Amino acid sequence: MNKIAVIGGGASGLLAAISAAQEGADVCIYEHKDRIGKKILSTGNGRCNFTNLNQEPIHYHSENILFPWRIVKKFDIQHTVAFFLKLGIYSKNRNGYLYPQSDQASAILDVLRMEVKRLGIQVKTEAKCKEISSVKEGFLIRTEAGDFSAQKVILAAGSMAAPSSGSDGSGYRIAESLGHRLVPVLPSLVQLRCEEGFYKGIAGVRAEGLVSLCVGGECYAREQGEIQFTNYGISGIPVFQVSRYAAIGLHEGKQVIALLNFMPDFTEEQFLIFLRNRIETRPQKSAEEFLTGLFHKKLSDSWIKLSHINRTKIMQDCTEKEIERLAHLIQNFSTKVVQTNSFEQAQVCRGGIDTKEVNPDTLESLLIPGLYFAGEILDVDGICGGYNLQWAWSSGHTAGKEAAGA
């Protein structure tokens, strides 16, 4: 019987172990925390958005751009839904975002644990892997709980995002010790810290808008949605979606600018006409009253102040240049990004094991036969919306099945 060691008991590791055991392999999971699957509990704000019905190649990032989609197609959305349905998860659809009917992330983890138990998969917790060596019979795995051997190894030790859940980057060091190259690992799906000092005055405010992320003068990504202001900068789903490009730009020492458009449904000309009509309708309104109903008061006060318009000035007395300046500021607000938040706040990481050194069909190392990879440890990251868990399921399933059948 094929003996397989799975390093890491997260989402991808659990799928790898289950898939390998379903193929008849003797499987053991080595997890360095006191329990498996801890990170799953925090996904989807505790509800676990475990996949998304809308699946396209553009939802997955990698330096090797075609790599992720080849794996996702092998265990796609239909396979994922069917797999979890067999385990007992009936899914709830929210605009394509799938959650368990119970709205509990713990349900996903519970059914995976039940399947691990049913298949007789061994689980060794508090067994942090320190070293993997290739030996004549397969592999020697040195852990804090002792030394173990296996014919095949699946390295699914996660990234460096949310280290409190167990992702401490140790898998990267093991992969490097075996000769694999790392694409620089950076925080992704994370908040952005900005240079300007006025953010403390609007902390907690939320506003719909379009975020354009520019690096070295070139726009790399645009996302629309609810922008959230913190005391140090910007957050929210659209900010998360573009944050990987900010992280890369900052890592490369380039200037990173976020352009925020708070009226993206208007062209600049249309918005100017809109503001002029607004003045004509109530010409007696003061500047501090003028934007009431369009934006949160704290945000409105900031626009007026940054436009250098006296807040007591009657709007019909404003010059055309003042109106144009206000309109431009609202639609083209430029803020300098100086830092991303740390790995502790990041949902995932950009970077990881270079996928050019990994078989794109089996996830086996091209350098070390019998060594496989799954999940966040690889240079693959998805956007918000269940895509990173879909990558975990797809890559885990492929690695487990291929390792067991090889």
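Everything here concerns the structure above.
Computed from a predicted structure; not experimentally measured. (Residues numbered from 1 in each chain as written. Predicted model: local features only at pLDDT ≥ 70, side-chain atom pairs only at ≥ 80, totals over all residues. Heavy atoms only, no water.)

**Observations concerning the overall build of the chain**
Keep this limit in mind: Runs of E in the DSSP output that reach at least two residues are strands. Runs of H or I that reach at least four are helices, and both are numbered from the N terminus. Type-normalised accessible area, obtained with a 1.4 Å probe on protein chains alone, sets the label of each residue: buried when under 20%, exposed when over 50%, and partly exposed for intermediate values. Working rule for contacts: check all heavy atoms of both residues, and any pair within 4.5 Å makes them a contact. The method behind every accessible area is Shrake-Rupley, applied with a 1.4 Å probe, and residues are considered shielded solely by the protein chains displayed.
Regarding its fold elements, the chain presents 11 helices and 21 strands. Counting only C-alpha atoms and orienting by the principal axes, one finds that the chain spans roughly 85 × 45 × 35 Å. Taken across its 406 residues, the chain has 55% of its residues classed as buried. Considering only contacts within the chain whose residues lie at least 6 apart along the sequence, 73% involve residues at least 24 apart. Looking at the chain as shown, the accessible area adds up to about 17,800 Å², and 48% of this sits on carbon and sulfur atoms.

**Notes on helix 1 (residues 11–22)**
We apply this condition: A helix is expected to span 1.5 Å multiplied by its residue count minus one.
End to end, helix 1 covers 17 Å across 12 residues, agreeing with the expected 16 Å (1.5 Å per residue, within 8%). Burial analysis of helix 1 places 11 of its 12 residues in the buried class, which makes it a mostly covered element. Where helix 1 is buried, its residues contact strand 1 (3–7), strand 2 (26–30), helix 3 (77–87), helix 4 (105–118), strand 11 (152–155) and helix 11 (387–405). At the C-terminal side of helix 1, Gly 24 shows a positive phi close to 100°.

**Focus: the pairing of strand 14 (residues 206–215)**
As a reminder, the rule being used: For two strands to count as paired, DSSP must find a minimum of two bridges between them.
A large share of strand 14 lies buried, amounting to 8 of its 10 residues. Pairing between strand 14 and strand 15 (residues 218–229): 10 bridges, direction antiparallel. By the bridge assignment, Leu 210 is partnered in strand 15 with Gln 224. Pairing of strand 14 with strand 17 (residues 256–261), which is carried by 6 bridges, proceeds in the antiparallel orientation. Bridged to Val 215 within strand 17 is Val 256.

**Structural notes on the sheet that holds strand 11**
We count it as follows: Only the stretch in contact is used when a helix axis is fitted, and all axes are lines through C-alpha atoms; the angle between N-to-C directions ranges over 0 to 180 degrees.
Strand order across the open sheet formed by 5 strands is 7-2-1-11-20, with parallel pairing between neighbours. Of all strands in the sheet, those with a lone pairing partner are strand 7 (122–124) and strand 20 (371–373), marking the two edges. With direction set aside, neighbouring strand axes in the sheet form an average angle of 20°. Of the strands in this sheet, strand 1, strand 2 and strand 11 are in contact with helix 1, which crosses strand 2 at around 165°.

**Notes on the pairing of strand 2**
What counts here: Viewed with both strands pointing away, a crossover whose connecting path from the first strand over the helix to the second turns clockwise is right-handed.
The buried fraction of strand 2 is high, at 4 of 5 residues. Relative to strand 2, strand 1 runs parallel, the two being bridged by 5 bridges. Looking at strand 2, one finds that Val 6 is bridged to Ile 29. Remark: the strand 1/helix 1/strand 2 crossover connection has right-handed handedness.

**Comments concerning the pattern of salt bridges**
Here is the rule: Between Lys or Arg on one side and Asp or Glu on the other, a salt bridge is scored when a side-chain nitrogen of the former is within 4 Å of a carboxyl oxygen of the latter.
For the coordinates displayed, the defined rule picks out 18 salt bridges. Across the pair Glu 131 and Arg 142 runs a salt bridge, and its minimum N-O distance is 3.8 Å. In this pair, Glu 131 is assigned in strand 8 (residues 129–135) and Arg 142 in strand 9 (residues 138–143), connecting sequence segments 11 residues apart. The exposure class of Glu 131 is partly exposed, given its relative accessible area of 37%. Between Glu 195 and Lys 336 there is a salt bridge whose closest N-O contact spans 3.9 Å. Taken together, the residues Glu 195 in the loop between strand 13 (192–194) and strand 14 and Lys 336 in strand 18 (residues 333–340) connect sequence positions 141 residues apart. Residues joined by salt bridges that share partners form a network here, namely Lys 92, Arg 94 and Asp 103.

**Describing the packing of aromatic side chains**
Put simply, the test is: Centres within 6.5 Å make a pair out of two Phe, Tyr or Trp rings, where for Trp the six-membered ring is used; the pair is then stacked when the planes are under 30 degrees apart, edge-to-face when over 60, and tilted otherwise. In our convention, an over-ring charge means Lys NZ or Arg CZ found within 6 Å of a ring centre and within 35 degrees of that ring's normal.
By the definition in use, this model includes 19 aromatic pairs. Centroid distance Phe 198 to Phe 333: 5.5 Å. Interplanar angle 65°. Geometry classified as edge-to-face. A residue pair is termed long-range when its members are at least 10 positions apart, and Phe 198 in the loop between strand 13 and strand 14 and Phe 333 in strand 18 qualify at 135 residues. Taking relative accessible area as the criterion, Phe 198 reaches 24% and is therefore assigned partly exposed. Through a chain of ring-to-ring contacts, three or more aromatic side chains come together here, namely Phe 198, Tyr 199, Phe 229, Phe 262, Phe 295, Trp 303 and Phe 333. Across from the ring centre of Tyr 232, 4.0 Å away, lies the NZ or CZ of Arg 193, which sits over that ring. When the ring centre of Tyr 245 is taken as origin, the NZ or CZ atom of Arg 244, which lies over that ring, is 5.3 Å away.

**Structural notes on helix 5 (residues 170–177)**
Every buried residue belonging to helix 5 is among Ser 170, Gly 171, Tyr 172, Ile 174 and Ala 175, and all of these are buried. Two residues or fewer past helix 5, Gly 179 is found with a positive phi of approximately 100°.

**Quick notes on unusual backbone geometry**
In this model, Asn 45 sits at a positive phi of 55°, which is unusual for a non-glycine residue. Turning to its location among the elements, Asn 45 is positioned in the loop between strand 2 and strand 3 (51–52). Its identity as a non-glycine residue notwithstanding, His 308 has a phi of 60°, on the positive side. Note on placement: His 308 falls in the loop between helix 9 (297–306) and helix 10 (320–331).

**Looking at the state of the cysteines**
For the record, the criterion: Cysteine sulfur atoms that come within 2.5 Å of each other are treated as a disulfide pair.
Here the structure, examined in full by the defined rule, presents 0 disulfides. Unpaired in terms of disulfides, Cys 129 finds its nearest cysteine sulfur in Cys 28, a separation of 12 Å. Relative accessible area serves as the criterion here: at 7%, Cys 129 is assigned to the buried category.

**With respect to the environment of Asn 93**
Keep this limit in mind: Any N or O atom pair separated by 3.5 Å or less is treated as a polar contact, with the protein-specific requirement of one donor-capable and one acceptor-capable atom, and with residues adjacent in sequence counted only for side-chain atom pairs.
One can find Asn 93 in strand 5 (residues 91–94). The residues contacting Asn 93, other than those within four sequence positions of it, are Leu 53 and Leu 98. Polar contacts involving the side chain of Asn 93 include one to the main-chain amide nitrogen of Asn 95, which spans 3.4 Å. Within the structure, the side chain of Asn 93 is placed 2.7 Å from the backbone nitrogen of Gly 96, a separation counted as a polar contact.

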